[in-house]
Amino acid sequence: MASNPSTLPSPARSQINLAPAAVSAALIVLGLIYLNGTVSGRQAALWIVGILLGATLYHSAFGFTSSWRVFISDRRGAGLRAQMLMLAFGCLLFFPVLGNGTLWGQNVSGFVSPVGTSVLVGAFIFGIGMQMGGGCASGTLYTVGGGSTRMIITLIGFIIGSVIGAAHLPWWASQPSFAPYSIVQEWGAPTALASSFVLFLGIALFTIWAEKRRHGTLISSAVSAGKAGGWGRLLSGPWPLVIGSIVLVLLNFATLALAGRPWGITSAFALWGSKILMAVGYDVSGWGFWQGPAAASLAAPVRNDITSVMDIGIILGALLAASLAGKFAPVWKLPARSVLAAIIGGLLLGYGARLAFGCNIGAYFSGILSGSLHGWLWLVAAFAGNVIGTKIRPFFGLAVEKTSQTAC
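Residues numbered from 1 in each chain as written. Predicted model: local features only at pLDDT ≥ 70, side-chain atom pairs only at ≥ 80, totals over all residues. Heavy atoms only, no water.

## Digging into the layout of surface pockets
Part 1: Within this model, the largest pocket holds a volume of roughly 790 Å³.
Part 2: Together, 26 residues line the largest pocket, and Phe111, Ser267, Phe289, Ala294 and Arg354 are the ones closest to its centre.
Part 3: Looking at the lining of the largest pocket, the elements with two or more residues in it are helix H13 (267–279) and helix H14 (294–299).
Part 4: Among the elements that line the lining of the largest pocket, the one with the most residues is H14, at three residues.
Part 5: The class makeup of the residues in the lining of the largest pocket is 13 nonpolar, 10 polar and three charged. (1 Å grid on protein atoms, 1.4 Å probe; cavity = no way out; pocket = protein on both sides within 12 Å on 5 of 7 lines; lining within 4 Å. Points joined across faces, edges and corners; volume = space filled by probe spheres on them. Helix = DSSP H or I, 4+ residues; strand = E, 2+ residues; numbered from the N terminus. Nonpolar A, V, L, I, M, F, W, Y, C, P; charged D, E, K, R; others polar.)

## Things to note about the pattern of salt bridges
Part 1: Taken as a whole and judged by the stated rule, the model has three salt bridges.
Part 2: Taking the shortest distance from any N to any O, the salt bridge between Arg214 and Asp74 comes out at 3.8 Å. Linking Arg214 in helix H9 (residues 189–215) with Asp74 in helix H3 (residues 64–74), this pair joins segments that are 140 residues apart in sequence.
Part 3: On the basis of relative accessible area, Arg214 is assigned to the partly exposed category, the value being 42%.
Part 4: Residue Glu211 pairs with Arg76 through a salt bridge whose shortest N-O separation is 3.3 Å. (Salt bridge = Lys/Arg side-chain N within 4 Å of Asp/Glu carboxyl O. Buried < 20%, exposed > 50% of the residue type's maximum accessible area, 1.4 Å probe, protein only.)

## Some details on the nonpolar core
Part 1: Ranked by internal contacts, the top residues of the largest apolar core, which has 86 residues, are Phe95, Phe126, Trp263, Ile265, Tyr364, Phe365 and Trp378.
Part 2: Per element, the largest residue contribution to this core is 11 residues, and it comes from helix H4 (residues 78–100).
Part 3: Excluding residues within four positions of it along the chain, Ile265 makes contact with Ala137, Ser138, Leu141, Thr307, Asp311, Ile314, Cys359 and Ile361.
Part 4: Core analysis: the next-biggest nonpolar cluster, separate from the first, contains eight residues, Ile28, Ala44, Trp47 and Leu316 among them. (Core = buried A, V, L, I, M, F, W, Y, C linked by side-chain atoms within 4.5 Å. Contact = heavy atoms within 4.5 Å.)

Now the structure itself:
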């Protein structure tokens, strides 16, 4: 999900980067002990889920941003088809559980948000930001851990944009919209599942038609890479996109079981930025965004926030994966135009995510798995934004790839 070559998995495994591997492993163990002792065993388990998400995202290079860009620019659809597989498998697991309302004795609920102006505008802005910043929410985190220095800039912009979006969200939420709508709750899990499968299949078939029309055949490397190489491939990568999609669903399901709700990312960015403002004397507690249940998150330590714990875990999981694969090699000299694009992209990502009630994970992945119509609106609007963003990229010296399995 970033353009830094140092973060891209390669078939051959090189020597382990011992120092970053040791640091990341130590931090993972210390974090596990700390969270288990100060919060709960459940929070410690979510920390491990975050670590595994980071390693999976890194080794499978599961790029929402790159997959959309490659299809838009070159009609290669392997990445999009992997996303449809991921969503189909996820709905198969999530819909019956959400319809029942409990999982292994715990109450569970999905991410179901209003459908309207705020989501439409926010997702479109987020889509442009994906291509400008070089990644989505999950891509920003795992490529930061994987050694992309450019994505550190994107992450800083992401946090700042999230805070601005949080300040403006009450106004956007007051614009025309429909009430939250869950097809699982309104239609029942079987009907919702069948309807969703039809849409997933339709999108996958469209990508096949478009790819064959442009190229005459389907590219296979994006889904078959990583078959050879034995168990060493587990540490060195790359993993096939199909394997990555399945593991991401299972880890999202583990999040649902442990946290009582699906995987999300960007609410933590608004929290981090707001806490920084509070620390320097700027009181944000009166903002509409931080009223109601959200007030408790602002007042509590970061260690208590599930999303924050998992986000940090994703970074460390990707760092450990990159280091064990011998691919952690940050590049500190960056072109000025690329830095500018990262700043602008990060701001758009953060602002758009708050308006849209989530990002490619919280609104798209987990939103659709929750049966929320706002997840489908997010997909359409964000894809349109990606079309614009893909056309803008060359003006900032950013590449437009011709293959699917690449960082975001």
